[in-house]
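# Summary of structural features
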Amino acid sequence: MHLKIALLEGDGIGPEVVQQSVKCLRAIEDLFGHSFQFTQAPVGARAIALHDNPLPQQTLDLCQQSDAILFGAIGSLEYDQDPNAKIRPEQGLLKLRKELALFANIRPIKMFSALSANSPIKESVVKGVDLVIFRELLGGSYFSEKTVSQDLRHATDLNEYSEGHISRIAHLAFKAAKKRKKKITLADKANVLETPRLWRRTVMGIAESYPDVQLDCQFIDNVTYQLVTDPKQFDVILTDNMFGDVLNNLGSVIIGSNAILPSASIGGENAMFEPVHGSYPQAAGKNVANPVASILSAVLLLQHFGLEEEADALMIAVIKSFQKKIVTPDILGSSDYGTDYVGDFIASNIEDADEVPTMNMENIGLGKSTII
């Protein structure tokens, strides 16, 4: 298979972790006879410095002409500490999602057995956690009308949704649930807000078309509590843009790190794959950033194009790095391995999955049937 992949490395540790994913995809390319064409383009603070625009037109053009996007991270302390900045790096990511119509953000939250002791939550609670969060990505207050008074003492953010916004991601989530444990949880605030009531009405109507999938509607307050105290009860969680942003980060607590969680943002014609973590500018250039979330995002990329054997091979190499404790210092407490070493280890341990006898030693399916 030939794929054109846009590399939007972004800011902070973004370039370092994306390059480890490229190493791994190059190894997949060689082992399985594929052809991956990688092309870089600036985004975020780097793009502002070069073009005074967090998403230059040439970057957007490249993304639209590519089969997939590998995204690094976005954000800079310079802008984080300036609430009055008119142009911000994050605007580039929001515009990219909108222009490419990436309406569904899909984040698997999986506890690998070798890392269960890494969680701040009791091992008995988190062991075996395997769920996926479907977050609507183009509606809600992130994209709706915003106002601020001239004296900067009054502001509003409209939280706007249409039935169309909700139904397209709901169908995606239900289809994924059919191929998993046939259970879906809608997280909303329908007891006090009108927009979540629209969500609940719409999703309950769609559920009638999926009679083999159990729908459980819960208020977001309870979902956040249950996600920490009994996360294994969940399989597919469906929610809106803002609640999804919160739940995704809560998933990082379950795992014990946001540096190993991947994500996929999917639209009708485009797909972007990126680690959950931020740009972590304090660590940029120090060879300490954990590349696993970016590498697992490459696993999702392979799965998206139906390259299941290739995805399994890369996943097994990641699991091997966990088992042998070839990890960066943020995982399992003490390690002297850096970003490059971990990436090299994983890339060099990619083997044909059919030839690996220990393949079934752990449920390696990070996202099989997750991305439709």
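Let me sum up the structure you'll find in this document. Residue positions are given per chain, counted from 1 along the sequence in the order it is written. Two thresholds apply to this predicted model, a pLDDT of at least 70 for residue-level local features and 80 or more for giving and counting side-chain atom pairs, whereas whole-chain, interface and lining totals are computed over all residues. Working from all heavy atoms in the structure, the side-chain values ignore hydrogens and water.

## Digging into the layout of surface pockets
Buried and open spaces are told apart on a 1 Å grid over the protein atoms alone, a cavity being a set of points where a 1.4 Å probe fits but cannot get out and a pocket being an open set with protein on both sides within 12 Å along at least five of seven lines. Residues with an atom within 4 Å of a point are the lining residues. Grid points are joined across faces, edges and corners, and a volume is the space filled by probe spheres set on the points. Size it by volume and the largest pocket reaches roughly 570 Å³. Residue type decides the class: Asp, Glu, Lys and Arg count as charged, Ala, Val, Leu, Ile, Met, Phe, Trp, Tyr, Cys and Pro as nonpolar, and the leftover types, Gly among them, as polar. Considering only residue class, the lining of the largest pocket consists of seven nonpolar, five polar and five charged. Empty space within the second largest pocket amounts to approximately 480 Å³. As for the second largest pocket, its lining consists of 23 residues, and the residues nearest its centre are Ile74, Glu90, Leu93, Arg97 and Val276. If you list the elements that add at least two residues to the lining of the second largest pocket, you get β3 (68-73), α5 (89-99), α10 (241-255) and β12 (271-275). In terms of residues, the lining of the second largest pocket owes the most to one element, α5, which gives four residues. Its residues assigned to classes, the lining of the second largest pocket comprises eight nonpolar, eight polar and seven charged. Only DSSP runs of H or I reaching four residues or more are called helices, and only runs of E reaching two or more are called strands; each is numbered from the N terminus.

## Quick look at the environment of Leu158
Mapping Leu158 onto the fold places it in the loop between β7 (155-157) and α7 (163-178). Leu158 sits 70 residues away from Val228 along the chain, and the two C-alpha atoms are 30 Å apart.

## Here's the deal with the packing of aromatic side chains
Only rings of Phe, Tyr and Trp enter the pairing, Trp through its six-membered ring, and a pair is recorded when the two centres are within 6.5 Å. The plane angle decides the type: under 30 degrees is stacked, over 60 is edge-to-face, the rest tilted. In this structure the tally under the stated criterion is five aromatic pairs. Judged by centre distance (6.4 Å) and plane angle (75°), the ring pair of Phe36 and Phe38 falls under edge-to-face. Summary of the burial criterion: residues with accessible area below 20% of their type's maximum are buried, those above 50% are exposed, and those between are partly exposed, where the area comes from a 1.4 Å probe applied to protein chains only. A residue is classified by how much of its surface remains accessible, and Phe36, at 3% relative accessible area, is buried. Take Phe38: its relative accessible area is 16%, and that puts it in the buried class. Over the ring of Phe112 we find Lys110; its NZ or CZ atom is 5.6 Å from the centre of that ring. For a ring to carry a charge above it, either NZ of a lysine or CZ of an arginine must fall within 6 Å of the ring centroid while also lying within 35 degrees of the normal to the ring plane.

## Section: the sheet that holds β12
Read across the open sheet, the ten strands follow the order β2-β1-β3-β12-β11-β4-β5-β10-β8-β9; overall the sheet is mixed. Unpaired on one side and paired on the other, β2 (35-40) and β9 (214-219) mark the two borders of the sheet. Adjacent strand axes in the sheet meet at a mean angle of 25°, parallel and antiparallel pairs treated alike. Sheet analysis places β3 next to β12, joined by two bridges and oriented parallel. For Ile69, the partnering residue across the bridge sits in β12 and is Met272. Only heavy atoms matter for contacts: two residues are in contact if any of them lie within 4.5 Å across the pair. Axis angles are defined between N-to-C directions and span 0 to 180 degrees, where every axis is a line fitted to C-alpha atoms and, for a helix, only to the segment in contact. Relative to the sheet, helix α3 (residues 57-65) contacts β1 (2-10), β2 and β3, its axis offset from that of β1 by approximately 150°. Contacts between helix α9 (residues 220-229) and the sheet are confined to β5 (130-136), β8 (183-188), β9 and β10 (236-239), with β9 contributing the most and set at about 105° to the helix. Strands are labelled as partners when DSSP assigns at least two bridges between them.

## Quick notes on the nonpolar core
The definition of a nonpolar core used throughout is a set of buried Ala, Val, Leu, Ile, Met, Phe, Trp, Tyr and Cys residues joined through side-chain atoms within 4.5 Å. Membership of the largest hydrophobic core comes to 97 residues, with the highest contact counts inside it found for Ile5, Phe134, Leu238, Phe273, Leu314 and Ile346. Setting aside chain neighbours within four positions, we find Leu238 in contact with Phe134, Ile169, Ala170, Ala173, Ile184, Thr185, Leu186, Ala187, Trp199 and Val203.

## A closer look at unusual backbone geometry
Although it is not a glycine, Lys182 adopts a positive phi angle of roughly 60°. Along the polypeptide, Lys182 turns up in the loop between α7 and β8. You can call Lys182 partly exposed: its relative accessible area is 35%. One non-glycine residue, Tyr280, adopts positive backbone phi at about 40°. The topology assignment puts Tyr280 in the loop between β12 and α11 (292-304).

## Some points on the environment of Arg201
Residue position: Arg201 is located in helix α8 (residues 194-207). Among the residues examined, Arg201 registers a relative accessible area of 52% and is labelled exposed. Along the primary structure Arg201 and Leu301 are separated by 100 residues, whereas in three dimensions their C-alpha atoms are 33 Å apart.

## A look at the pattern of salt bridges
Throughout this description, the term salt bridge denotes a Lys or Arg side-chain nitrogen within 4 Å of a carboxyl oxygen of Asp or Glu. Summed over the entire model, instances satisfying the criterion amount to nine salt bridges. Across the pair Arg26 and Glu29 runs a salt bridge whose closest N-O atoms are separated by 3.1 Å. Highlighted residues: Arg26 and Glu29, both in helix α1 (residues 14-32), separated by three residues, approximately one helical turn. Between Arg197 and Glu194 there is a salt bridge; the shortest N-O distance is 2.9 Å. Residue Arg197 and its partner Glu194 are both found in helix α8; the two are separated by three residues, about one turn of the helix. For Arg197, a relative accessible area of 27% puts it in the partly exposed group. When salt bridges with common partners are traced through the structure, they connect Asp130, Arg180 and Asp235 into a single cluster.

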